[in-house]
Amino acid sequence: QTQLLGVLLAAASNFLISVSLNIQKCAHRRLVCQAEQEPYYTSKLWWCGIVLLGLGEVGNFTAYGFAPIALVAPLGCVSVIGSAFISVFFLKKTMRTADILGGTLTITGIYLLVTFAPNVPQELTARQVQDYLVSWPFLVYSILEIIIFCILLYFYKRKAVKHIVVLLMMVALLASLTVIAVKAVSSMIALSVKGKMQLTYSVFYIMIVLMAASCAFQIKFLNQAMHLYEATAVVPINFVFFTTSATISGVIFYREFQSPALLNVFMFLFGCLLSFLGVIIIARNKKEEHLQIPFIDCGQIPGQKLTGKIQPDSHSSCYGTPNKEDDSVKRQS
């Protein structure tokens, strides 16, 4: 019952996030089309999208307290397929065959994930979190993660390597710490609400700091990737990396796959694979949409003719200097 609640909460939250993103984009479109440009934060529609986004993130946060990380993290694909279908209504986009195929694969993957996900107790106390933090599997995992992250950071900072894989691998490594901390904080708050106070333990506040710090750096590198590359490339790769990293961290830290049947593990991994393929198919060959930016027409500039040459041809030898023909005309006049 508790795990099912977490699944429903995660799915609904990610659907809300997809709705909110489409509402915000619709609001930006309307503002661009207006004769008098107004700041986006004056739009009621934009604020409606922000409120839905906040509710979705809070719902996702709460879902980690009721269901395993290995189940909640892959459900992020709901926002991807939701956005693909909702954009047809909000943004009047055309439904593609790839969207239908990708959505079918993703929904099938979600069904397998939910059916064959690990069924573990979700009451997580502060003492359990403390024990997990000093367990040798997590210590080994943390050391390996720190080494890999430092290597990637070295190439990013010293060698100026800003490849999409490097950036999103750093995002995924940080995300693994984020989901560990989010699940611990969410679970301890849930237990405290039920009357089993957990907020007096120092590990609760340690996890809050870890959650905030890893999330902040994660956003930094993700924004860098979004700035350098198209969203159609960033979204599927980030989803695959994030889901893989989060699932591994849940298995190692919270021991979510302690003694499952081999068939359950295989079907769960197969469900993940179908979700990955579905998201990649939806994002593949999807055209990036750029909002039109108002520009000044040369015909509106006093004294400037429409046929006036603002800059000489870049292929000519006089690029960046006045044309010789113009000089000769001036001398004749």
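Per an unreviewed UniProt entry, the chain is named NPAL2 protein, and its organism is Dicrurus megarhynchus. The Subcellular location (unreviewed entry) field of the UniProt record for the chain holds the comment "Membrane". Looking at the Sequence similarities (unreviewed entry) heading of the UniProt record, one finds this comment for the chain: "Belongs to the NIPA family."

Asker: Before we move on, could you go through unusual backbone geometry and cite the residues and values that matter?
Answerer: Although it is not a glycine, Ala160 adopts a positive phi angle of roughly 55°. Within the element layout of this structure, Ala160 appears in the loop between helix H7 (136-157) and helix H8 (164-193). Positive phi, close to 55°, is recorded for Arg255, a residue that is not glycine. Relative accessible area serves as the criterion here: at 33%, Arg255 is assigned to the partly exposed category.

Asker: Tell me about the packing of H8 against helix H10 (residues 231-253), residues and numbers included.
Answerer: For any two helices packed against each other, the geometry is given by the interaxial angle and the distance between the axes. At their nearest, the axes of H8 and H10 sit 8 Å apart, and the two run at 40° to each other. Between H8 and H10 the crossing geometry is right-handed. In this structure, H8 uses Ile164, Val165, Leu168, Met169, Val171, Ala172, Leu173, Ala175, Ser176, Val179 and Ile180 to contact H10, whose residues at the interface are Ala233, Val234, Ile237, Asn238, Phe241, Phe242, Ser245, Ala246, Ser249 and Phe253. Partitioned by chemical class, the residues of the contact of H8 with H10 number 17 nonpolar, four polar and no charged.

Asker: Could you give an account of a nonpolar patch on the surface, naming the residues involved and the relevant values?
Answerer: There is a patch of nonpolar side chains on the surface, built from Ile143, Ile147, Ile151, Tyr154 and Phe155 and spanning about 470 Å² of accessible area. For Ile151, a relative accessible area of 44% corresponds to the partly exposed category.

Asker: Run through the side chain of Ser135, naming residues and quoting values.
Answerer: Tracing the chain through its elements places Ser135 in the loop between helix H6 (126-133) and H7. Within the structure, the side chain of Ser135 is placed 2.8 Å from the backbone oxygen of Tyr132, a separation counted as a polar contact.

Asker: A description of the environment of Thr178 should follow, citing residues and the corresponding values.
Answerer: Considering the arrangement of structural elements, one finds Thr178 in helix H8. Look at Thr178 and you get buried, because its relative accessible area is 10%. Measuring from C-alpha to C-alpha, the distance between Thr178 and Gln218 comes to 8.8 Å, with 40 residues separating the pair along the chain. Excluding anything up to four places from it in sequence, Thr178 contacts Met211, Ser214, Cys215 and Gln218. Side chain to side chain, Thr178 and Ser214 meet in a polar contact 2.8 Å long.

Asker: Outline the side chain of Gln24, supporting the account with residue identities and numerical values.
Answerer: Looking at where Gln24 falls in the secondary structure, it is placed in helix H1 (residues 2-33). Using a relative accessible area of 13% as the deciding quantity, one classes Gln24 as buried. If sequence neighbours within four positions are ignored, Gln24 has contacts with Trp46, Gly49, Ile50 and Leu53.

Asker: Please give an account of the environment of Ile50 that cites residues and values.
Answerer: Take Ile50: it is sitting in helix H2 (residues 44-63). Note: C-alpha distance between Ile50 and Leu21 (29 residues apart in sequence) is 8.3 Å.

Asker: Lay out the packing of H7 against H10 with the relevant residues and their values.
Answerer: At a minimum axis separation of 8 Å, H7 and H10 run at an interaxial angle of 145°. In this structure, H7 contributes Pro137, Phe138 and Tyr141 to the contact, and H10 contributes Ser245, Ile248, Ser249, Ile252 and Phe253. A class-by-class count of the residues in the contact of H7 with H10 yields six nonpolar, two polar and no charged.

About the cut-offs
Residues numbered from 1 in each chain as written. Predicted model: local features only at pLDDT ≥ 70, side-chain atom pairs only at ≥ 80, totals over all residues. Heavy atoms only, no water. UniProt positions renumbered as here; feature names shortened; annotations may be inferred. Helix = DSSP H or I, 4+ residues; strand = E, 2+ residues; numbered from the N terminus. Buried < 20%, exposed > 50% of the residue type's maximum accessible area, 1.4 Å probe, protein only. Axes fitted to C-alpha atoms, helices over the stretch in contact; angles between N-to-C directions. Left-handed = near helix turned anticlockwise from the far one by under 90°. Contact = heavy atoms within 4.5 Å. Nonpolar A, V, L, I, M, F, W, Y, C, P; charged D, E, K, R; others polar. Patch = residues over 30% accessible without salt bridge, like charges linked within 9 Å, V, L, I, M, F, W, Y side chains within 5 Å. Areas by Shrake-Rupley, 256 points an atom, 1.4 Å probe, with all protein chains shown as cover. Salt bridge = Lys/Arg side-chain N within 4 Å of Asp/Glu carboxyl O. Polar contact = N/O pair within 3.5 Å; in protein donor to acceptor, adjacent residues only side chain to side chain.

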